[in-house]
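Single-letter residue listing:
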Amino acid sequence: MASPGPPLEQLRRLAVELRLLLPRVRVGEARATTEEFNREVFWRRLDEAAVKVSREATALTTVFSGLPLPSSQETQRLCKQVYAAIKAIIAVYYSLPKDQGITLRKLVRGTTLDIVDGMAQLLEVLFVNPAQSPENNDLISCNSVWVACQQVPRIPRDNKAAALLMLTKSVDLVKDAYEEMEQAVEECDPYSGLLNDIEEDTSDNYNNEDDVLGFPTNQDLYWSEEDQELIIPCLALVRASKACLKKIQILVAENGKKDQVAQLDDIVDICDEISPSVDDLVLSIYPPMCHLTVRINSAKLVSVLKKALEITKASHVAPQPEDSWIPLLINAVDRCMNSIKELSQGELEL
């Protein structure tokens, strides 16, 4: 019978094997089965599988944190247990059918990937720095496998809860982008703190203040009057984006039905596009500002917002007919876009 190889080499090989599993998990489909899905059984199995991975990670760390290192045979046994625990939690993920919701599956898949990646990182650290105490900095910084395992019980247990979690994240991201944009506008200094640093660095090399990079005459660092006018409707558009997401989040919370998984998934999918579109617009307003880029990014954001509102209006979470905030919000978005077109027209004609 062939020797399993040196202990540290076994750790390296196992880390490689685990990393090879990651692409399969990312694209893997739910396993076909004739058995009826039992939600309680699934979550119990996933929780138990996460606890098992965490225990194996702890056992492996304990054994390789001191001298002498374990024998090749003992290392082989430990590696087999780690691999089996990882394969087990992947198998549990695969048992979650698509009809339970794509949003929910993405969250479970993401946590599963974090666990596999975290275990691979731990193996790599133990391979490079064996025979060190569990308190050493490398192991402390590589606690991602335990952190990921601890996240499993916190995963939403149905697609509605998963949708609300994702919508909340989107609301927070857009809120942060709006506050960043608003602060920059209020200060009229998009690169706050940069000017003083540049002036200090260059004060010994320039005698003429007007030539100092970063002095107010440098238009690359400041907004022109035309820029500042264009920012006003852009800021209003980002504010409307925040309001749109918040309204949709409330509708899903109040009217969302757990069994309407496809419609909830559609709402989350389109709302996931709002934050990146807001980021593109916010980045494009920083000087030197290109009005054409601002206009293009605004139009993209408007398109996403309208689609999100249309999908929401056509879904089961739609507000009552007498609640007319959707057309009001669409009108507000259109007014912002019309102002942006009008204020950016001059640059397009140059």
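As recorded by an unreviewed UniProt entry, the protein carries the name Cyclin-D1-binding protein 1 and is attributed to Prolemur simus. Under Sequence similarities (unreviewed entry), UniProt gives the following word-for-word description of the protein: "Belongs to the CCNDBP1 family." Database annotation for the protein, UniProt heading Subunit (unreviewed entry): "Interacts with CCND1 and GRAP2. May also interact with COPS5, RPLP0, SIRT6, SYF2 and TCF3."

Engineer: Pulling in residues and values, what's your account of the overall build of the protein?
Structural biologist: Within the protein, the secondary structure is distributed over 13 helices and 0 strands. Traced from its N-terminal end to its C-terminal end, the protein shows the element sequence α-α-α-α-α-α-α-α-α-α-α-α-α. For the protein, the residues scored as buried account for 44% of the 350 residues in total. The contacts in the protein between residues at least 6 apart in sequence include a share of 83% that link residues at least 24 apart. For the protein, the computed accessible surface area is about 18,400 Å², with 52% contributed by carbon and sulfur atoms.

Engineer: Any details on helix α7 (residues 159–187)? Residues and values, ideally.
Structural biologist: Taking 1.5 Å per residue, 29 residues should reach 42 Å; α7 reaches 42 Å between its end C-alpha atoms and fits that length. Structurally, the start of α7 carries an N-cap: the backbone nitrogen of Lys160 is 3.0 Å from a side-chain oxygen of Asp158.

Engineer: Tell me about the layout of surface pockets, and please be specific about residues and values.
Structural biologist: Of the pockets and cavities examined, the largest pocket occupies roughly 280 Å³. Looking at the lining of the largest pocket residue by residue, the classes come out as 4 nonpolar, 3 polar and 5 charged.

Engineer: Tell me about unusual backbone geometry, and please be specific about residues and values.
Structural biologist: Of note, the bond from Pro287 into Pro288 is cis; its omega dihedral lies within 30 degrees of zero at -5°. Within the secondary structure layout, Pro288 lies in the loop between α11 (274–284) and α12 (291–313).

Engineer: How would you summarise the packing of helix α10 (residues 261–271) against α12 if you had to cite specific residues and measurements?
Structural biologist: Following both chains from N to C, one finds α10 and α12 inclined at 170°, their axes separated by 9 Å at the closest point. Accordingly, the angle class assigned to the pair α10 and α12 is roughly antiparallel. For the pair formed by α10 and α12, the contact residues are Asp266, Ile267, Ile270 and Cys271 on the first element and Val304, Lys307, Ala308, Ile311 and Thr312 on the second. Taken together, the residues that form the contact of α10 with α12 break down as 6 nonpolar, 1 polar and 2 charged.

Engineer: Tell me about the packing of helix α9 (residues 225–255) against α12, and please be specific about residues and values.
Structural biologist: Contact pair α9 / α12: the axes reach a minimum separation of 11 Å and the direction vectors enclose 20°. One element, α9, and the other, α12, form an angle in the roughly parallel class. Like other packed secondary-structure pairs, α9 and α12 cross with a definite hand, here left-handed. Note on element contacts: α12 touches α9 through His291, Val294, Ser298, Leu301, Val302, Leu305, Ala308, Leu309 and Thr312, opposite Glu226, Asp227, Leu230, Cys234, Leu237, Ser241, Cys244, Ile248 and Leu251. Partitioning the contact of α9 with α12 into residue classes produces 12 nonpolar, 4 polar and 2 charged.

Engineer: Can you tell me about helix α3 (residues 72–94), naming the residues and giving the values?
Structural biologist: Taking 1.5 Å of rise per residue, 23 residues should cover 33 Å, and α3 covers 33 Å from first to last C-alpha, within 8% of that figure. All of the buried residues along α3 are Ser72, Thr75, Leu78, Cys79, Val82, Ala85, Ile86, Ile89, Ile90, Val92, Tyr93 and Tyr94. Structurally, α3 contributes buried residues whose contacts are with α1 (7–27), α2 (39–63) and α4 (102–128).

Engineer: Can you lay out a negative patch on the surface for me, pointing to particular residues and giving the numbers?
Structural biologist: Judged by side-chain charge, Asp172, Asp176, Glu180, Asp279 and Asp280 come together as a negatively charged surface patch. Within the residue set of the negative patch, elements represented by two or more residues are α7 and α11. Per-element accounting of the negative patch gives the leading share, 3 residues, to α7. The topology assignment puts Asp172 in helix α7.

Engineer: Can you tell me about the packing of aromatic side chains, naming the residues and giving the values?
Structural biologist: The description of an aromatic ring pair rests on the distance of the ring centres and on the angle between the ring planes. Evaluated as defined, the whole model comprises 3 aromatic pairs. Ring geometry for Phe42 versus Trp43: centroids 4.9 Å apart, planes at 80°, classification edge-to-face. Members of the aromatic cluster, each reached through a chain of ring pairs, are Phe37, Phe42 and Trp43.

Engineer: Can you lay out the nonpolar core for me, pointing to particular residues and giving the numbers?
Structural biologist: Judged by nonpolar contacts, the single largest core of 95 residues is most densely connected at Met119 and Ile274. Ranked by the residues each element gives to this core, the list is headed by α9, at 13 residues. Met119 has contacts with Leu18, Val53, Ala57, Val82, Ile86 and Val145, leaving out every residue within four places of it along the chain.

Engineer: Residues and numbers for the pattern of salt bridges, please.
Structural biologist: One pass over the full model with this rule turns up 10 salt bridges. Two residues, Glu179 and Lys175, come together in a salt bridge whose shortest N-O distance is 3.0 Å. Here Lys175 and Glu179 lie together in helix α7, a separation of 4 residues that amounts to about one turn. On the basis of relative accessibility, which here comes to 36%, the residue Lys175 falls in the partly exposed class. For the salt bridge of Asp334 with Lys306, the shortest nitrogen-to-oxygen distance reads 2.6 Å. Pair noted here: Asp334 is in helix α13 (residues 325–349) and Lys306 is in helix α12, with a separation of 28 residues, a long-range link. Three or more residues joined by partner-sharing salt bridges are found here, namely Arg19, Asp117 and Glu124.

Thresholds, definitions, all that
Residue numbers restart at each chain and count upward from 1, following the sequence in its written direction. Residues qualify for local features only when their pLDDT is at least 70, as the model is predicted, and side-chain atom pairs are given and counted only at 80 or more; totals for whole chains, interfaces and linings, by contrast, use all residues. As a rule here, side-chain values cover all heavy atoms of the structure and leave hydrogens and water aside. UniProt positions are given in the numbering used here, feature names are shortened, and annotations may be inferred rather than shown by experiment. Helical segments are the DSSP runs of H or I of at least four residues, strand segments are the runs of E of at least two, and each set is numbered from the N terminus. Only protein chains enter the accessibility calculation, which uses a 1.4 Å probe; a residue whose area is less than 20% of its type maximum is buried, one above 50% is exposed, and one in between is partly exposed. The contact criterion used throughout is that any non-hydrogen atoms of two residues lie within 4.5 Å. In these tables, accessible area is a Shrake-Rupley quantity obtained with a 1.4 Å probe, and a residue counts as shielded only by the protein chains included in the view. Each helix should span, by expectation, one fewer than its residue count multiplied by 1.5 Å. Side-chain atoms alone can form a polar contact between residues adjacent in sequence; in general such a contact is a pair of N or O atoms within 3.5 Å, and within protein one must be able to donate a hydrogen while the other accepts it. Lining residues are defined by having an atom within 4 Å of a point belonging to a cavity or pocket. Those points lie on a 1 Å grid over the protein atoms alone, cavities being sets where a 1.4 Å probe fits but cannot get out and pockets being open sets with protein on both sides within 12 Å along at least five of seven lines. Grid points are joined across faces, edges and corners, and a volume is the space filled by probe spheres set on the points. Asp, Glu, Lys and Arg are counted as charged, while Ala, Val, Leu, Ile, Met, Phe, Trp, Tyr, Cys and Pro are counted as nonpolar; the rest, among them Gly, fall into the polar class. Note on definitions: angles span 0 to 180 degrees between N-to-C directions of axes, and those axes are lines fitted to C-alpha atoms, for helices only across the stretch in contact. In these notes the angle categories are as follows: under 35 degrees is roughly parallel, over 145 is roughly antiparallel, 65 to 115 is roughly perpendicular, and the rest is oblique. The sense of a crossing depends on the near helix, which, turned anticlockwise from the far helix by less than a right angle, makes the crossing left-handed and, turned clockwise, makes it right-handed. Residues forming no salt bridge and having over 30% relative accessible area are the ones grouped into patches, like charges within 9 Å of each other and nonpolar side chains (Val, Leu, Ile, Met, Phe, Trp, Tyr) within 5 Å. Definition used for salt bridges: Asp or Glu carboxyl oxygen within 4 Å of a side-chain nitrogen of Lys or Arg. For the purpose of charge, His is not counted, nor are the chain termini; Lys and Arg are scored as positive and Asp and Glu as negative. Taken as the charge centre is NZ of Lys, CZ of Arg, CG of Asp or CD of Glu, depending on the residue. A pair of aromatic rings is counted whenever rings of Phe, Tyr or Trp (Trp by its six-membered ring) have centres within 6.5 Å, and the orientation is called stacked for planes under 30 degrees apart, edge-to-face for over 60 and tilted otherwise. What is meant by a nonpolar core is a set of buried Ala, Val, Leu, Ile, Met, Phe, Trp, Tyr and Cys residues, joined one to another through side-chain atoms within 4.5 Å.

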